[in-house]
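Residues per chain are reported as follows:
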Amino acid sequence: MKRNILLNPGPATTTDTVKQAQIVPDICPQEQEFVEIMKQIRTDLVKIVH
């Protein structure tokens, strides 16, 4: 993957590993997988705060 170096303000240039991590299918908020992820995040946040 060719990397261009951005010299203007705004989005930072990211590494190839970051770009590869972003190449995943979207998860719709109505899908069960999304619901489970959000439940886990809420549970973890409560543990962190308390």
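These numbers were taken from a predicted model, which means no experiment stands behind them. Sequence order as written defines residue numbering, which begins from 1 separately in each chain. Totals for whole chains, interfaces and linings use all residues, but because this is a predicted model, local features are given only for residues with pLDDT of at least 70 and pairs of side-chain atoms are given and counted only at 80 or more. Heavy atoms from the whole structure form the basis of all side-chain values; hydrogens and water molecules are not counted.

1. Describing the overall build of the protein chain
A run of H or I in DSSP counts as a helix once it spans at least four residues, and a run of E counts as a strand once it spans at least two, with each numbered from the N terminus. Broken down by element type, the protein chain carries two helices and zero strands. Split into buried and exposed, the 50 residues of the protein chain put 0% on the buried side. Working definition of accessibility: Shrake-Rupley area with a 1.4 Å probe, residue cover restricted to the visible protein chains. Surface accessibility of the protein chain: about 4800 Å² in total, with carbon and sulfur atoms responsible for 62%. Only protein chains enter the accessibility calculation, which uses a 1.4 Å probe; a residue is then buried when its area is under 20% of its type maximum, exposed when over 50%, and partly exposed in between.

2. Thoughts on the pattern of salt bridges
Salt bridges are defined by distance alone: a side-chain nitrogen of Lys or Arg within 4 Å of a carboxyl oxygen of Asp or Glu. Summed over the entire model, instances satisfying the criterion amount to one salt bridge. Two residues, E36 and K39, come together in a salt bridge whose shortest N-O distance is 3.9 Å. One end of the pair, E36, and the other, K39, are both in helix 2 (residues 32-49), three residues apart, so they sit about a helical turn from each other. By relative accessible area, which is 40% here, E36 ends up partly exposed.

3. Remarks on a nonpolar patch on the surface
Among the surface-exposed residues, I27, I37, M38, I41, L45, I48 and V49 lie close enough to one another that they form a single nonpolar patch of about 630 Å² accessible area. The residue I48 is located in helix 2 in this model. I48 sits in the exposed class, given a relative accessible area of 69%. To count toward a patch, a residue needs a relative accessible area above 30% and no salt bridge. Like charges then connect within 9 Å, nonpolar side chains (Val, Leu, Ile, Met, Phe, Trp, Tyr) within 5 Å.

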